[in-house]
Amino acid sequence: ANTVSTLVGQLTRSGVVARERDAEDGRVTRLALTPSALEWLKAWRDERAATLLGAVDRLDAADRRALHAALGPLERLTAELHEAGADG
């Protein structure tokens, strides 16, 4: 618990996380990403998407078709992994 508290304190001081006490139960503290952290996360996701799209665009047509054909199995694999993670 001390380590978590320390990490949350660091994230709060750095402006990544905002803390808010629960109005009904003062023992509960809710954490949320700050607006600046959300902006950073969106920019990071946009940059990663642009990088991926650029890489896909540089592939030849046969490789792009193979990737397209693999999307269904990859989605099912992701769902299976998510389900396995949720179970334990």
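This text goes with the structure placed above it.
Draft legend 1. Broad picture of the overall build of the protein chain. Counting its secondary structure elements, the protein chain contains three helices and two strands. In terms of overall dimensions, the protein chain is more spread out than a globule: its C-alpha atoms have a radius of gyration of 20 Å, far above the 12 Å expected for 88 residues. Here the C-alpha coordinates of the protein chain stretch approximately 60 × 30 × 25 Å along the principal axes. In the protein chain, buried positions account for 8% of the 88 residues. Here the contacts in the protein chain between residues at least 6 apart in sequence split such that 0% fall between residues at least 24 apart. As presented, the protein chain carries roughly 7,600 Å² of accessible surface, and 59% of it is formed by carbon and sulfur atoms. Positive and negative side-chain charges of the protein chain, numbering 12 and 14 respectively, have mean locations separated by a distance of 5 Å.

Draft legend 2. Just the pattern of salt bridges, in detail. Using the criterion set out here, one finds three salt bridges in the structure. Residue Asp 22 pairs with Arg 30 through a salt bridge whose shortest N-O separation is 2.5 Å. We classify Asp 22 as buried; its relative accessible area is 16%. The salt bridge involving Lys 42 is made with Asp 46; its shortest N-O contact spans 2.7 Å. Of this pair, Lys 42 and Asp 46 both sit in helix α2 (residues 35-57), separated by four residues, roughly a single helical turn. Of the residues examined, Asp 46 reaches a relative accessible area of 42% and is grouped as partly exposed.

Draft legend 3. Up close: a nonpolar patch on the surface. A cluster of nonpolar side chains, namely Leu 71, Leu 74, Leu 77 and Leu 81, defines an oily patch on the protein surface of about 380 Å² accessible area. Mapped onto the elements, Leu 81 comes out in helix α3 (residues 61-87). According to the relative accessible area criterion, Leu 81 is exposed, its value standing at 57%.

Draft legend 4. Molecular detail of the environment of Arg 21. Summarising the element assignment, Arg 21 is placed in strand β1 (residues 17-21). Sequence spacing of Arg 21 and Leu 31 is 10 residues, and the spatial spacing of their C-alpha atoms is 8.9 Å. With near-sequence residues (within four places) excluded, Arg 21 lies in contact with Gly 26, Arg 27, Val 28 and Thr 29. Among the polar contacts listed, one links the side chain of Arg 21 to the backbone oxygen of Gly 26, at a separation of 3.2 Å.

Draft legend 5. Region of interest: the side chain of Thr 34. Here Thr 34 shows up in the loop between β2 (29-33) and α2. For Thr 34, the side chain forms a polar contact with the side chain of Ser 36, separated by 3.2 Å. For Thr 34, the residues in contact, after removing those within four places along its chain, are Gly 15, Val 16, Val 17 and Ala 18.

The rules behind each value
Residues numbered from 1 in each chain as written. Predicted model: local features only at pLDDT ≥ 70, side-chain atom pairs only at ≥ 80, totals over all residues. Heavy atoms only, no water. Helix = DSSP H or I, 4+ residues; strand = E, 2+ residues; numbered from the N terminus. Rg over C-alpha atoms; globule rule 2.2 N^0.38 Å. Buried < 20%, exposed > 50% of the residue type's maximum accessible area, 1.4 Å probe, protein only. Contact = heavy atoms within 4.5 Å. Areas by Shrake-Rupley, 256 points an atom, 1.4 Å probe, with all protein chains shown as cover. Lys, Arg positive; Asp, Glu negative; His and termini not counted. Charge placed at Lys NZ, Arg CZ, Asp CG, Glu CD. Salt bridge = Lys/Arg side-chain N within 4 Å of Asp/Glu carboxyl O. Patch = residues over 30% accessible without salt bridge, like charges linked within 9 Å, V, L, I, M, F, W, Y side chains within 5 Å. Polar contact = N/O pair within 3.5 Å; in protein donor to acceptor, adjacent residues only side chain to side chain.

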